Structures are given as C-alpha cells and as structure tokens.
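Single-letter residue listing:
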Amino acid sequence: MNKHSNQHMTTDEFRKQGKKVIDWIADYYDQIEQYPVLSQVKPGEIRSNLPQSAPIKGRDYGDILSDMDKMMPGITHWQSPNFHGFFPCATSGPAILGDLISTGLSINGMNWATSPSCTEVETHVLDWLVDMMDLPNKFKSTSTGGGVLQDTASSSSLVALIAAREKASNGQTNKNGGNQQLTAYTSSQAHSSIEKAVKIAGIGNDSLRLIKVDDSFAMNPKHLRESIETDISNGLTPAFVCATVGTTSSTALDPIEDIGKICQEFNIWLHVDAALAGPAALCPEFRFIHDGLEYADSYTFNPHKWMLTSFDCSVFYVANRKVLIDSLSILPEYLKNKDTDSEMVINYRDWGIPLGRRFRALKLWHVINYYGVEGLQKYIRYHISNTQELKSWIEENDRFEIVAPVPINLICFRHKNGDEFNENLLNTLNDSGKLYLTHTKLNNQFVLRFSVGQSNTTLDHLKKSWNYILDTVYEMEKD
Ligand SMILES: *Cc1c(COP(=O)(O)O)cnc(C)c1O
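Residues numbered from 1 in each chain as written. Predicted model: local features only at pLDDT ≥ 70, side-chain atom pairs only at ≥ 80, totals over all residues. Heavy atoms only, no water.

1. Things to note about the sheet that holds strand 7 (residues 314–318)
The condition is simple: For two strands to be treated as a pair, DSSP must find at least two bridges joining them. The way it works is that DSSP assigns letters per residue, a run of H or I at least four long becomes a helix, a run of E at least two long becomes a strand, and they are numbered from the N terminus. Interaxial angles span 0 to 180 degrees and are taken between N-to-C directions of axes, which are lines fitted to C-alpha atoms, for helices over the stretch in contact. Any two residues having at least one pair of non-hydrogen atoms within 4.5 Å are treated as being in contact.
Here seven strands make up an open sheet; going across it, the order is 1-7-6-5-4-2-3 and the pairing mixed. Every interior strand has two partners, whereas the edge strands, strand 1 (146–150) and strand 3 (208–211), have only one. Along the sheet, successive strands turn relative to each other by an average axial angle of 20°, direction set aside. Note: strand 1 against strand 7, five bridges, orientation antiparallel. By the bridge assignment for strand 7, Gln 150 is matched with Ser 314. Contacting strand 4 (237–244) and strand 5 (269–273), helix 11 (residues 256–266) crosses the sheet at an angle of about 160° to strand 5.

What follows is the structure, encoded as structure tokens:
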C-alpha cells in the first residue's frame, strides 16, 4: 500500500474503504441482536453461493465488502449478548482497534530486534497482569520467570508440557527422543487440549492419567497421589500435572494447593489451566480461585475468553524461564544478530512453537488502558452477580435442578424430565435463534450449560432468556 500505485490499494482508497469497514462493523454491533445467535444454514449452503473459481481480474473493493451479505447467514454470533454457549469469546471496541493497528503495522516480532516494542510491550503488560491479578511474583520478568502471549490455551498448555518433558528427561527427549516413559496427570474433567498436547508432545495417550473427581467435579488429590505412586513403582517417570481452575464442563476448581504439595514432593511440573476463570482474580474477592498457585511451574488464562480482548490471546506464565527457553530455543545462523547472546533482551521465538509472532500485546494494551483495573473489575463483578441472580431464578423453579456448584459465571442445570427432554429443549432453544446454549454430561446425565460473559450481556438479557426457556418448557410439557 502506498500513495500512488496502479496495482495496490492506494492509501487514499484505504482511508475511504477503511472508514466504510469501521462503519460496517459498528452497524453490525448495533444490529447484532436481530440475527439468530446460532447460524441456521445447512452444510455447504454458504459455499454454494460463492463463485466457482477465483476472479481473473481484481474486483472493486466495494463489491468485495458486499460479499459479506453472502457470508453473514453462516455466522454464529459469538458477540451477541444472547450467546451463552461454550465459554464467551468476549471482545470490545479498544481490542478490535488495537488488533487493527497490529495488522496495520504487520510486523513480525520473532526477535527483540525485529520490533523491540512488540517484545517490550508484551513483557510489560504481562508484568502488569501479575500485579493486577495478584499472581505469584515468580511469574514476573524481573524475577526468575516471565510471561508470554500464545495464541490459545491449547498452545500454552502444550508449551508447558514440552518444558515439563525436558525437565523430567533432563533434556534427553529433545536430544534423542529419550528412553524414559514419562507420564502426565489431569482430571477426568480437564479440557481436551491436554490430551491433544500429550499426543503432540509424544508422551502418548496411554501415559495420560485421568484422575477421578469429587462431588464438585474437582480433582481428587488422593487419587492423584495413588496414581503417581503406582506409576513410580512400575518404573515410569511422572513429568506433568495439569490442574484446572474452572473446568470447561462445569467451572470446577481443582484444589491447587493440595495438588501442588504432591507435585513438590515428587518433583513434578505443575501447570495450572485457568483459561476461562483466570480474570475473576482481577477482583480481590474472587482470588480464592488461585489458592495454592505459588506451587505452579506454569499458568495460563485467556484474555480472549473473559477479558474483553479479541480472539486470539492467551497469557502464559512460567516460574523458571530458563527451563522453557532451553526446551524451545533454536539459533540458526540467519537468526543471529548482535543482541542474540545478550542477557538484556527477550527473544520470544524461544518461548513458543512458531518462529513468527504478531504484535498480539497491542490489543491487550488497548483493553487494559481503556477500561483500567476498575473497569475490568466492574465487568467481572457484573457477570458473576448476574449469574448468581439467574441461578436463584432457576432454583426457585422446582421443574429444574442445578447439578454443579456455580463459583463464578457458568450454570449447569437440567429439567427433571430426563435426558431426552433436555436434549429436545436445547435443540428447540437453539433453533429459535433467540439464544444459544450448549450442553455437557455430568455423572452421565445430559446437562444444559448457561455461560455468562459476553461483553454486552445485561441482567435484562438473562431475564428474557430465562423467560423464553420457561415458555419453551411449558409448550413442551403440553405435548
Ligand atoms: C477453553 C478452554 C481451553 C482451550 O482454549 P483455547 O484457547 O481455545 O485453546 C483450555 N482449557 C480450558 C479449561 C478451557 O475452558
């Protein structure tokens, strides 16, 4: 892009079209509640409306923008205030604008030198977050550890596992594949990304122990200990434990402190996955979710879920950055420069899987500066208190039961009429387009999950959704 070109978009045209794009996005948010939350298209429907082959000659940008009309029916509206499926993926104006500038700069921050600001802003906001959430000081760059942004919690947990693998195998796995059989532990309620990481890191699915949970769906430390002891007596090497703060099914809180003591006793890497729940710790009254975090070797949470920062953005902290860097660093000739040997700089390429890195910290910078700590606390508190309010409405209705504790912003509930009724209820609600819920299974029962966290969800939205659920149930009970 430049001022004069007969091939590229000129800066003048970019200005003109860019303003239209911003208007388009703002209009989208103004009208978002008019769309069905869950896309109602059939498989292949979107593609069948697109041209068979690529255009030979370029098209006017205005026409390209109008292609969005063909794509909108195939959008599920994660930013709708009536989106209550999975976990939120909440964004905000400043996040979108920060990301736009990041794309506008289009730098590659693989090394410190390839854009010092990309590295230093990232280190800086991640140090801020340690203070903002009162996380253990060892996660700060000024201590032995440090923070880095990954794309997703899946990547954060994979990187943690690789570091744990190298620590347990004394660097042998990286060197020659290793000859010890390493084992990993997480609860039966942990996110599927842990199983995936175990496969990718070559630990192998057979070496992943899914530890039993208690009545609140939190990991049972007694079972963890038994499992570790059995493995050791069979000549295996326990390498990695992942505790979850806010499980995906039901936001159960694993007892990090008890788990951490076991990890310390057996010298096992403890990783804590708080992908959704982490930002609750912005508020002092919810910091109990992290009790015991001082035992953790690594920790992750996703600002792209519940901290107003556009997908993708996952925060990853490690207590001992040397172990991480030793596991992942590479230094071919073409990456050497006068700073590479210097202790003065961080080269984040050695802190994750990809070499290339975008300026992901910029959107986080925009969000934290726009809202301030108090603004973010207000947002978290509002969601948690609204969730508790919704919970009280569900409890008042004896048709329903709440089937898991509700420590923060997710309610797992079901109608007492059995699995088939609940499954039909879910499908009917989602087909209506008025709201979107997803389900899970707890104790082998089909359970509806009502997740609260989209940026613009108010108590009034919850009231309307709950009334709609009740109306739907009354209709279904008549049949
Ligand atoms: C959502 C979630 C993940 C995965 O997050 P991605 O960023 O999509 O990889 C991992 N763990 C938990 C507990 C989650 O809720």
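2. Describing the domain arrangement of the protein chain
We apply this condition: Domain start and end points were adopted from an automatic or database domain assignment. When two parts are put together, the accessible area they lose, computed with a 1.4 Å probe and summed over both, is reported as buried area. Within this document, salt bridges are pairs made up of a side-chain nitrogen of Lys or Arg and a carboxyl oxygen of Asp or Glu, the two lying within 4 Å of each other. The term polar contact refers here to a pair of N or O atoms within 3.5 Å; inside protein, the definition further demands a hydrogen-donor-capable atom paired with an acceptor-capable atom, and it admits residues adjacent in sequence only when both atoms are side-chain atoms. Each residue gets one of three labels, nonpolar for Ala, Val, Leu, Ile, Met, Phe, Trp, Tyr, Cys and Pro, charged for Asp, Glu, Lys and Arg, and polar for the others, Gly among them.
Here the protein chain is partitioned into domain 1 (99–366) and domain 2 (374–478). One C-alpha centre belongs to domain 1, the other to domain 2, and the line joining them spans 31 Å. Listed by partner, the interface residues are 21 residues for domain 1 and 22 residues for domain 2. For the pairing of domain 1 and domain 2, the buried interface totals around 1,900 Å² over both sides, and the portion due to carbon and sulfur atoms is 70%. Considering only the side of domain 1, the residues that lose the most area to domain 2 are Phe 217, Trp 306 and Leu 308, jointly responsible for 34% of the buried surface there. The partner of Glu 285 in a salt bridge is Arg 381, and the shortest N-O contact between them spans 2.5 Å. The interface formed by domain 1 and domain 2 contains six residue pairs in polar contact (both at pLDDT 80 or more). The residue makeup of the side of domain 1 that touches domain 2, split by class, is 14 nonpolar, six polar and one charged.

3. Focus on helix 11
Stated precisely, the cut-off is as follows: A 1.4 Å probe rolled over the protein chains alone gives each residue an accessible area, and that area as a share of the maximum for its type sets the label: buried under 20%, exposed over 50%, partly exposed in between. This arc is taken over the directions from the axis of the helix to the C-beta atoms.
Restricting attention to buried positions, one finds in helix 11 the residues Ile 256, Ile 259, Gly 260, Ile 262 and Cys 263. Take helix 11 and look down its axis: the buried residues cluster within an arc of 160°, on one side only. Contacts from the buried residues of helix 11 go to helix 10 (221–233), strand 4 and strand 5. Directly beyond the C-terminal end of helix 11, a positive phi value near 55° is found at Asn 267.

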